[in-house]
Amino acid sequence: MLSPAIMRSNALSPMQSSGTTAASTTSLSVLPDAAKLVFRGKTEAIEAAGAHFGVKPSLEACRFAAVGGRSVYWLGPDEWLFQAVNENPIEVFGGMSAALQGQACSLVDVSHRSDGIAVAGPTAALVLNHGCPLDLSLKAFPVGMCTRTVLGKASLLLSRSEEHVFHVDVWRSFAPYVWQFLDEARSLS
Amino acid sequence: MLLINCPYCGPRPEAEFANGGQAHIARPADPMSLTDDEWAAYLYMRDNTKGLHHERWRHANGCGRFFNASRDTTTDVIKRTYRMGERPEAEHQGAKP
């Protein structure tokens, strides 16, 4: 078995210390690694998954629910992302998998696929809008909303945890691009 | 930018979507009984409508789901979007089913 250190390295760790030194009101930070599972299935199975995970998944479109370090993001009408910050993916997957025994659903461990960035500050929405065409006003994109969308040439999962804090979850190979894109955008705004 | 109303997520920018070609083309129930010409027609022949056209779209950078849209090909106005399995409204059935 591979050691966890070999199995997992954050694609953004070299980026954290680089970047513009321009004074900006928006901060970028790398989010801690997390166990991430993509679930697909119908209502009965998602209820069982939520009960085991300890977070009730949102059945409303484009919303996420969080309890402590655990959160569940709505991705599509039958698709959710389960995320557990700083937990071992193998253990989280094993527990969920056992709890979903006999249910018609799919569960995939995607912990190694993406890395997270927090974009925080009063102009965070403006910075994101340099490459994201969504309306990020509080009315159209309230706190608690999440959605997959685009930023420049990259596809990513965008969520708003506080009025001035957005989380970006982006695939590893796009992560340095997105970081540099946001870094450049915040130096302009 | 054009806004497209995803039946699951609501109005979203066009950049999040991918076009999936003409909608409501049913796969023949028994392909083996078809002539080569009939099979080729099913595979390749599509309407080139001027006016209202029913087509498939996918919210590729969003919920990832396919849905149908009734779009006017002359004005690019999308009159209505509806989920897979639903039929276009009678008033919009200008194009061939």
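Residues numbered from 1 in each chain as written. Chains lettered and ligands numbered in written order. Predicted model: local features only at pLDDT ≥ 70, side-chain atom pairs only at ≥ 80, totals over all residues.

Enquirer: Describe the overall build of chain B, naming the residues involved and giving the relevant values.
Expert: Secondary structure summary: chain B contains 1 helix and 6 strands in total. Starting at the N terminus and walking to the C terminus, you meet the elements of chain B as β-β-β-α-β-β-β. Projected onto its principal axes, the C-alpha positions of chain B cover 45 × 25 × 20 Å. Counting across all 97 residues of chain B, residues that qualify as buried make up 22%. (Helix = DSSP H or I, 4+ residues; strand = E, 2+ residues; numbered from the N terminus. Buried ≥ 20, exposed ≤ 12 C-beta atoms within 10 Å, placed from the backbone.)

Enquirer: For the overall build of chain A, give the residues involved together with the corresponding values.
Expert: Within chain A, the regular secondary structure consists of 5 helices and 10 strands. Here the C-alpha atoms of chain A give a radius of gyration of 17 Å, agreeing with the 16 Å that 2.2 N^0.38 yields for 189 residues. Dimensions of chain A, computed from the C-alpha atoms along their principal axes, are close to 55 × 45 × 30 Å. Expressed as a percentage of the 189 residues in chain A, the buried residues total 34%. Long-range contacts, defined as pairs at least 24 residues apart, comprise 61% of the intrachain contacts of chain A with a sequence gap of at least 6. (Rg over C-alpha atoms; globule rule 2.2 N^0.38 Å. Contact = placed C-beta atoms within 7 Å.)

Enquirer: Provide a residue-level description of the packing of helix 2 (residues 43-53) of chain A against helix 3 (residues 89-99) of chain A, including the pertinent values.
Expert: Residues and elements named next belong to chain A. For the pair helix 2 and helix 3, interaxial distance at closest approach is 9 Å and the crossing angle is 135°. Here helix 2 is positioned oblique relative to helix 3, judged by the angle of their axes. In the packing of helix 2 onto helix 3, the handedness of the crossing is right-handed. Residues A48, A49, H52 and F53 of helix 2 lie in contact with helix 3, whose contacting residues are G95, M96 and A99. (Axes fitted to C-alpha atoms, helices over the stretch in contact; angles between N-to-C directions. Parallel < 35°, antiparallel > 145°, perpendicular 65-115°, else oblique. Left-handed = near helix turned anticlockwise from the far one by under 90°.)

Enquirer: Lay out the sheet that holds strand 3 (residues 64-67) of chain A in plain terms, naming residues and giving numbers.
Expert: Paired through backbone hydrogen bonds, the strands of a sheet run either parallel or antiparallel to each other. Residue and element names in this part refer to chain A. What the 5 strands build is an open sheet, ordered 3-4-5-2-6; its pairing is antiparallel. Where the open sheet ends on each side, the last strands, each with one partner, are strand 3 and strand 6 (105-109). Shown here is a sheet whose adjacent strand axes are inclined to one another by a mean of 20°, direction ignored. Pairing between strand 4 (residues 70-76) and strand 5 (residues 79-85): 6 bridges, direction antiparallel. (Pairing = 2+ DSSP bridges.)

Enquirer: Please set out the sheet that holds strand 7 (residues 114-120) of chain A residue by residue, giving values where relevant.
Expert: Residues and elements named next belong to chain A. Pairing is antiparallel in the open sheet, where 5 strands are placed in the order 1-7-10-9-8. If you trace the sheet from one side to the other, it starts and ends with strand 1 (27-30) and strand 8 (146-151), each paired once. The mean angle between the axes of side-by-side strands here comes to 30°, regardless of whether they run parallel or antiparallel. In terms of strand pairing, strand 9 (residues 154-162) meets strand 10 (residues 165-171) through 6 bridges, oriented antiparallel. Residue pairing across strands places L157 opposite D169, the latter belonging to strand 10. Together, strand 1, strand 7, strand 8, strand 9 and strand 10 form the strand contacts of helix 5 (residues 175-188), whose direction differs from that of strand 7 by roughly 10°.

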